[in-house]
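# Commentary on secondary and tertiary structure
Given next are the chains, with one letter for each unit.
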Amino acid sequence: MEASPSKKKRDLRKLFKDGQKHLTPPVADPTRAFYVSLLQEKPDSAIAIRYCVEHGVMQVEDHKKLLKKYHQLKEKGAFNVSIKIKRTLEKRHKLAALKKDKKDKKDKK
């Protein structure tokens, strides 16, 4: 027994934009308002770009522009915690090595 067309459930994923992973929140949603305002104030904000792309908040033209930035950030590892940790540890290691070299040079004098 098939359901009539009016009773069939619509698959909202067909309406998703490229890169969108979640349903678009309503305009009155405070989280949406926060990230949209953050994106307006700071257009290079990685968290705002990620939220707006993954939730499909922006208009199609703006979404396409953000999607390009999103892919660039994703390639750089901006959303991968393990890469961020690795970079932080490398920076600390370099700083420690520089401090040690300065101390050694100072001790030689």
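Basis of the calculations
- Residues numbered from 1 in each chain as written.
- Predicted model: local features only at pLDDT ≥ 70, side-chain atom pairs only at ≥ 80, totals over all residues.
- Heavy atoms only, no water.
- Core = buried A, V, L, I, M, F, W, Y, C linked by side-chain atoms within 4.5 Å.
- Buried < 20%, exposed > 50% of the residue type's maximum accessible area, 1.4 Å probe, protein only.
- Helix = DSSP H or I, 4+ residues; strand = E, 2+ residues; numbered from the N terminus.
- Contact = heavy atoms within 4.5 Å.
- Axes fitted to C-alpha atoms, helices over the stretch in contact; angles between N-to-C directions.
- Parallel < 35°, antiparallel > 145°, perpendicular 65-115°, else oblique.
- Left-handed = near helix turned anticlockwise from the far one by under 90°.
- Nonpolar A, V, L, I, M, F, W, Y, C, P; charged D, E, K, R; others polar.

### Considerations on the nonpolar core
- Ranked by size, the top nonpolar core spans 16 residues in total, and within it Leu39, Ile49, Cys52, Val53, Met58 and Leu66 carry the most contacts.
- For this core, the secondary-structure elements that each account for two or more residues are α1 (30-41), α2 (46-55) and α3 (60-76).
- Among the elements that line this core, the one with the most residues is α2, at five residues.
- Contact partners of Val53, with chain neighbours within four places excluded, come to Asp18, Gly19, Gln20, His63, Leu66, Leu67 and Tyr70.

### A few points about the packing of α2 against α3
- At a closest axis distance of 9 Å, the pairing of α2 and α3 adopts a crossing angle of 125°. Between α2 and α3, the angle falls in the class oblique. By crossing handedness, the relation of α2 to α3 is classed as left-handed. Every residue of α3 that contacts α2 at Ala46, Ile49, Arg50, Cys52, Val53 and Glu54 is listed here: His63, Leu66, Leu67, Lys69, Tyr70 and Leu73.
- Each residue belonging to the contact of α2 with α3 can be placed in one class, and the counts come to eight nonpolar, one polar and three charged.

### Let's talk about α2
- Burial runs high along α2: seven of the ten residues are buried.
- Buried residues of α2: Ala48, Ile49, Tyr51, Cys52, Val53, Glu54 and His55, and no others.
- Where α2 terminates, the next one or two residues include Gly56, which has phi positive at roughly 60°.

Limitation: the analysis is restricted to geometry and does not speak to function.
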